[in-house]
Amino acid sequence: MPLPSSRVSRRQFLAGSMAAGAAVMCGGLSGAAAPVGRGIPAAKRRELAADESKALITITLDLEMSRHYPKRGMMEWDFQKGNLDDATKAYSVAAAEKAAAKGGFIHFFCVGRVLEHKSVDWLNTLIQGGHPIGNHTYDHVYVLASTPEEAQFRFRRSPWLAQGKTTAELIEENIRITTVAMQDRLKIDPDGFRTPGGFQTALDGRADIQQMLLDQGFSWVSCKYPAHEAGEEHQEPTAAVYESIVAAQAAAQPYVYPSGLVEVPMSPISDVNAFRTKFWKLEYFKKAIRQGVEWAIENRACYDFLAHPSCLVVEDPQAETIQMICDIVNDAGDKAVIVDCDTIAERARLRHKPSAENK
Ligand SMILES: [Zn+2]
């Protein structure tokens, strides 16, 4: 089959969006860092968002440590979510390079505490490669928490860190200082916000949290994770489980909250859900992800792959799943494109028709 010309043009514009970063890398980084475009160029973003003939596929990785990795029983990460180990950092960079080699890129979300580390070279490599990096809070706090102890294990063990703050203030600060740390250490503004944990109800009915995020300059949030079946531990998923995961994709489509904040849901199944909770084999995970991406392409819908390098470095060491997603999108020609979360948010905005009473 001849190579569709659209495929070439998609590759070309993705390559173009990465070119500035590549040039900086090749030219050396001895001087001040040049501004680097990340993700989809702004002008192209609106065009893709408006083109309803295309499914929008995003590949996202949350930069944090995950309990039970790299070994079962490892629980200390609950208190040190941002203390990424070298294997996780190396995997993040390698996965980004593998995605880029197939014309794609990855939208990362960074837990702020990792910015205390001596070197952030690995994050600069991602930035210079054109990969967006969003805010994932400083300590991986639960934004719907009603007490500091509920917000994060760290504040349960070390309650003095939360002393004198309301829970709302603690959460607000945990997000704000991550933005400040990214600006200070990485010289970038965060590319959006993802809540630690995903919840079925997202921020529905939580005008206070929506407004807090808008006040901090975020126009979209990735928060919703729809309910689905995942089967029994150690068991190959049944057809019903796969069907449930595909069915959940319809509930993972972007929308606009009454506040104007946009929700960019995560698409099941997450890696930690599949591997950590259900002890899946890689082939089961890849099958579920393939079916979800294919559903999105058939329906010209959105798909937001969600995983964690701290988990995948053990469960999918060659980043097969991410490369598979890139291959599916490339094979789909005109029908799909790899985008950043911002492009998915833009599609929701373009589709949104405010009701008469909201005008
Ligand atoms: Zn997380």
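Here the structure is shown first, and the text comes after it.
Presented here is an overview of the structure given in this document. (Residues numbered from 1 in each chain as written. Predicted model: local features only at pLDDT ≥ 70, side-chain atom pairs only at ≥ 80, totals over all residues. Heavy atoms only, no water.)

## Here we look at the coordination of the zinc ion
Moving on, step 1. Those protein atoms acting as donors to the zinc ion are Glu64 (OE), His136 (NE2) and His140 (NE2), and they sit at 1.9 to 2.1 Å.
Moving on, step 2. As a motif over one chain, the donors of the zinc ion read E-x71-H-x3-H. Of this pair, Glu64 sits in the loop between strand 1 (55-63) and helix 3 (86-101) while His140 sits in the loop between strand 3 (133-135) and helix 5 (148-151); the two residues are 76 residues apart in sequence, bridging distant segments of the chain. Per residue, the accessibility class of Glu64 equals that of His140, and both read buried. (Donors = N, O, S within 2.8 Å, 3.2 Å for Na, K, Ca; no water. Helix = DSSP H or I, 4+ residues; strand = E, 2+ residues; numbered from the N terminus. Buried < 20%, exposed > 50% of the residue type's maximum accessible area, 1.4 Å probe, protein only.)

## Notes on the pattern of salt bridges
Moving on, step 1. A full pass over the atoms with the stated rule returns 19 salt bridges.
Moving on, step 2. The partner of Asp51 in a salt bridge is Lys54, with the nearest N and O atoms 3.1 Å apart.
Moving on, step 3. The buried category is assigned to Lys54, whose relative accessible area is 15%.
Moving on, step 4. Ionic pairing is found between Asp62 and Arg194, a salt bridge with its closest N-O pair at 2.9 Å. In this pair, Asp62 sits in strand 1 while Arg194 sits in strand 4 (residues 193-199), placing the two residues 132 residues apart along the sequence. With respect to burial, Asp62 and Arg194 carry one shared label: buried.
Moving on, step 5. One salt-bridge network, in which partners are shared between bridges, spans Arg46, Glu346 and Arg349. (Salt bridge = Lys/Arg side-chain N within 4 Å of Asp/Glu carboxyl O.)

## Some remarks on the pairing of strand 4
Look at any regular strand and the pattern is simple: side chains alternate between the two faces of the sheet.
Moving on, step 1. Burial analysis of strand 4 places five of its seven residues in the buried class, which makes it a mostly covered element.
Moving on, step 2. Bridge analysis of strand 4 against strand 5 (residues 220-224) gives three bridges, and the strand direction is parallel. Looking at strand 5, one finds that Arg194 is bridged to Ser222.
Moving on, step 3. Viewed along the sheet, the connection from strand 4 through helix 8 (residues 207-215) into strand 5 turns out right-handed. (Pairing = 2+ DSSP bridges. Right-handed = clockwise from strand over helix to strand, strands pointing away.)

## Considering the packing of aromatic side chains
Moving on, step 1. Counted under the stated rule, the structure contains nine aromatic pairs.
Moving on, step 2. Between the aromatic rings of Tyr142 and Phe199, the centroid separation amounts to 5.5 Å while the plane-to-plane angle is 85°, which identifies the pairing as edge-to-face. Of this pair, Tyr142 sits in the loop between strand 3 and helix 5 while Phe199 sits in strand 4; the two residues are 57 residues apart in sequence, bridging distant segments of the chain.
Moving on, step 3. An angle of 50° between the planes, with centres 4.8 Å apart, marks the rings of Phe275 and Phe285 as tilted. Of this pair, Phe275 sits in helix 10 (residues 271-277) while Phe285 sits in helix 11 (residues 282-298), and the two are 10 residues apart along the sequence. Each member of the pair Phe275 and Phe285 is classed as buried.
Moving on, step 4. Ring pairs connect the aromatic residues Tyr242, Trp280 and Tyr284, which therefore count as one cluster.
Moving on, step 5. Looking at Arg157, its charged tip hangs above the ring of Phe79, at a distance of 3.5 Å from the centre. (Phe/Tyr/Trp six-rings, centres within 6.5 Å; stacked < 30°, edge-to-face > 60°. Lys NZ or Arg CZ within 6 Å of the ring centre and 35° of its normal.)

## Here we look at helix 8
The α-helix winds at 3.6 residues per turn, so residues separated by three or four positions along the chain end up facing the same way.
Moving on, step 1. By the burial criterion, the buried members of helix 8 are Ile209, Gln210, Met212 and Leu213. Buried positions in helix 8, seen along its axis, are confined to an arc of 160° and lie on one side of it. In helix 8, the exposed positions angled more than 90 degrees off the buried face are occupied by Ala207 and Asp215.
Moving on, step 2. Lining the buried residues of helix 8 we find helix 7 (167-186), strand 4 and strand 5.
Moving on, step 3. Of the residues one or two after helix 8, Gly217 is the one with positive phi, at around 95°. (Arc of directions from axis to C-beta. Contact = heavy atoms within 4.5 Å.)

## Digging into the nonpolar core
Moving on, step 1. Within the largest apolar cluster, 84 residues are counted, with the highest numbers of intra-cluster contacts made by Ile57, Leu123, Trp280 and Phe285.
Moving on, step 2. Residue contributions to this core peak at nine residues, all from helix 11.
Moving on, step 3. One finds Ala151, Ala162, Leu170 and Cys223 within the second-largest nonpolar core, a separate group that totals 22 residues. (Core = buried A, V, L, I, M, F, W, Y, C linked by side-chain atoms within 4.5 Å.)

## Observations concerning the side chain of Ser244
Moving on, step 1. Along the chain, Ser244 falls in helix 9 (residues 239-248).
Moving on, step 2. With sequence-adjacent residues up to four places away left out, Ser244 is seen in contact with His228 and Glu229.

## Some thoughts on helix 2 (residues 42-50)
Moving on, step 1. Within the span of helix 2, buried status applies to Arg45, Leu48 and Ala49. Buried residues of helix 2, viewed axially, fall in a sector of 100°; they line one side.

## Focus on the side chain of Ser66
Moving on, step 1. Mapped onto the secondary structure, Ser66 falls in the loop between strand 1 and helix 3.
Moving on, step 2. We classify Ser66 as buried; its relative accessible area is 1%.
Moving on, step 3. In terms of polar contacts, Ser66 uses its side chain to reach the side chain of Ser310, at 2.8 Å.
Moving on, step 4. What Ser66 contacts, discounting residues up to four positions off in sequence, is Trp77, Lys81, Val272, Arg276, His308, Ser310 and Cys311. (Polar contact = N/O pair within 3.5 Å; in protein donor to acceptor, adjacent residues only side chain to side chain.)

## Thoughts on the packing of helix 2 against helix 14 (residues 341-351)
Moving on, step 1. At their nearest, the axes of helix 2 and helix 14 sit 8 Å apart, and the two run at 55° to each other. One finds that helix 2 runs oblique with respect to helix 14. Where helix 2 crosses over helix 14, the handedness of that crossing is right-handed. The segment helix 2 lies against helix 14, with Arg45, Arg46, Leu48, Ala49 and Ala50 engaging Asp342, Thr343, Glu346, Arg347 and Leu350.
Moving on, step 2. Classifying every residue of the contact of helix 2 with helix 14 gives four nonpolar, one polar and five charged. (Axes fitted to C-alpha atoms, helices over the stretch in contact; angles between N-to-C directions. Parallel < 35°, antiparallel > 145°, perpendicular 65-115°, else oblique. Left-handed = near helix turned anticlockwise from the far one by under 90°. Nonpolar A, V, L, I, M, F, W, Y, C, P; charged D, E, K, R; others polar.)

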